[in-house]
Number of protein chains: 2
Amino acid sequence: MTRSPTPSDPETTVPQPLSPQDMVCFSLYSAVHAMSQAYRPHLEKLGLTYPQYLVMSALWSAEAPPTVGLLSRQLQLESSTLTPLLKRLEAMGLLTRRRDAEDERQVRITLTEDGQQMRDRTAHIAGCIAAQSGMSVEELLALRDQVSRLRDNLRKG
Amino acid sequence: MTRSPTPSDPETTVPQPLSPQDMVCFSLYSAVHAMSQAYRPHLEKLGLTYPQYLVMSALWSAEAPPTVGLLSRQLQLESSTLTPLLKRLEAMGLLTRRRDAEDERQVRITLTEDGQQMRDRTAHIAGCIAAQSGMSVEELLALRDQVSRLRDNLRKG
DNA sequence: CAAATATCTATCGTGTACGATATAATCGAC
DNA sequence: GTCGATTATATCGTACACGATAGATATTTG
């Protein structure tokens, strides 16, 4: 099943195939799933999924009702992902989707009263996750910056 | 839309809601998508998706044909995710799924000749991604270990 | 201003992902 | 050995996630 290193096939000339556990990409992949699981008990009290929570976070921190395109750039998601997601949040009564009068191509996303009020009920979550992470705030911030740098470099290439 | 800090509501007592860009979880979330995109051009030459590539990597590095359960633990995916994934790889002729004679509950996954041979065609990919990451090998390994630690702590909690 | 072009969002098809549940096989206690 | 509990995989329903494409609106060009 696997190719063992031999004198004629040392690791230095023919690299062993990396197991998932050795791969940077797998650590990220599995960490995202673990993160989603960690958020789940908090978010299901609010009836949100993790991607829905990210959309709501973007809206809570926005200065003005953003367009689908702006959310798409901020969250790095395609409209084919965002549109159904936003429709579900609209169906829950958390936001409205309206064509912009200035530019009818754009759709503006506005929080409803319910959507705005939900914010306060999420205030504790970040702290819970941070505590569960077993890492200090400094470590978490450093990790975030490293991971963001990796992501930006991958997007550029 | 957003609550600005005021003298009576300073950031130190009522934390501003974090924007996605400030959140550790979002950096991971978006980095995984960027990583998947970075792999895409390499993998589509092989007809694989990124999760399929992870499964194949696990199989290439396995000592003996693993069961679905072992793959599930290694990749941290549920059987409801793995079973259809493995069926697609089987339909592509890359592996076989057979009930274990010793324990009929288990299903053993064995690479076909085609599945084994595909490994050599993936040897260059890790290097391409590493180069694209704009990070040194040392940085990547340190990042992997930090992210793995975070993941393991989240799973424990 | 009309035609070509670009931009913005939505739709469709395929492939993850997971929780809840179902089914079958094994193991344990007696 | 048989019944109950446990374990291993599969199935189902819902929700992302993206590429390809469509359709409508805006902008640019001639």
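Computed from a predicted model, the values in this text were never measured in an experiment.

Our focus in this paragraph is the relation of the copies chain A and chain B. Applying a rotation about an axis and a shift along it to one chain copy brings it onto the other copy. For the pair chain A and chain B, the superposition axis carries a translation of 0.0 Å, the fit reaches an RMSD of 0.0 Å, and the rotation angle comes to 180 degrees. Classification of the inter-copy transformation places it as that of a two-fold axis. Ranked by how close their C-alpha atoms come to the rotation axis, the residues of chain A are headed by A:Leu28, at 3.2 Å.

The next subject is the pairing of strand S2 (residues 107–111) of chain B. Residues and elements named next belong to chain B. Alternating residues of S2 divide into Val 107, Ile 109 and Leu 111, all buried, and Arg 108 and Thr 110, none buried. Bridge count between strand S1 (residues 95–99) and S2: five bridges; the pairing is antiparallel. Among the inter-strand pairings, Thr 96 is bridged to a residue of S2, identified as Thr 110.

A few words on the protein's contact with DNA strand C. The local shell around DNA strand C holds 30 residues, among which A:Tyr29, A:Thr83, A:Lys87, A:Arg97 and B:Thr49 are the closest. Sugar and phosphate atoms constitute 74% of the interface atoms of DNA strand C, taking the interface as everything within 4 Å of the protein. Residue A:Val107 places a main-chain N or O atom 2.9 Å away from a phosphate oxygen belonging to DNA strand C. Between B:Ser80 and DNA strand C, the recorded distance is 3.1 Å, taken from a side-chain N or O atom to a base oxygen. Of all elements in the fold, only helix H1 (24–44), helix H3 (68–75), helix H4 (79–91) and strand S1 (95–99) of chain A together with helix H2 (50–60) and helix H4 (79–91) of chain B reach the threshold of two or more residues within the surface near DNA strand C.

This part is about the interface of chain A and chain B. The partner chain B presents 66 residues to the 66 residues of chain A that form the contact. At the boundary of chain A with chain B, total buried surface from both sides reaches about 6,300 Å², with 66% on carbon and sulfur atoms. Between the two partners, chain A and chain B, sit two salt bridges. A:Glu139 is paired through a salt bridge with B:Arg149; the nearest N and O atoms lie 2.7 Å apart. In this assembly, chain A and chain B are joined by 16 residue pairs in polar contact (both at pLDDT 80 or more). The greatest single-element share of the side of chain A that touches chain B, amounting to 15 residues, is contributed by H1(A).

With that settled, consider the environment of B:Gln117. Here B:Gln117 lies in helix H5 (residues 113–118). The spacing of B:Gln117 and B:Thr83 is 34 residues in sequence and 23 Å in space, taken between C-alpha atoms.

For chain A, the domain assignment lists domain 1 (48–122) and domain 2 (124–157). One C-alpha centre belongs to domain 1 of chain A, the other to domain 2 of chain A, and the line joining them spans 23 Å.

So, how was this worked out
Residue indices begin from 1 for each chain and proceed along its sequence in written order. Key to labels: chains lettered from A, ligands numbered from 1, both in the order written. Residue-level local features of this predicted model are given only where pLDDT is at least 70; pairs of side-chain atoms are given and counted only at 80 or more, and the full residue set underlies all totals for whole chains, interfaces and linings. Only heavy atoms go into the side-chain values, all of them from the structure, while hydrogens and water stay out. Each copy is superposed on the other by least squares, with the fit set by C-alpha atoms of residues at a pLDDT of at least 70 in both. Burial classes: relative accessible area under 20% of the type maximum marks a residue as buried, over 50% as exposed, and values in between as partly exposed (1.4 Å probe, protein chains only). Note on conventions: DSSP H or I runs of at least 4 residues are helices, E runs of at least 2 residues are strands, and numbering of each starts at the N terminus. When DSSP locates at least two bridges between a pair of strands, those strands are taken to pair. By convention in this text, a residue qualifies as near a molecule or strand provided that one of its non-hydrogen atoms is within 4 Å of it. The term polar contact refers here to a pair of N or O atoms within 3.5 Å; inside protein, the definition further demands a hydrogen-donor-capable atom paired with an acceptor-capable atom, and it admits residues adjacent in sequence only when both atoms are side-chain atoms. Should any heavy atoms of two residues lie within 4.5 Å, those residues are counted as being in contact. When two components associate, each loses some accessible surface as probed by a 1.4 Å sphere; the sum of these losses over both components is called the buried area. What makes a salt bridge here is a side-chain nitrogen of Lys or Arg within 4 Å of a carboxyl oxygen of Asp or Glu, nothing more. The domain limits used here are those given by an automatic or database domain assignment.

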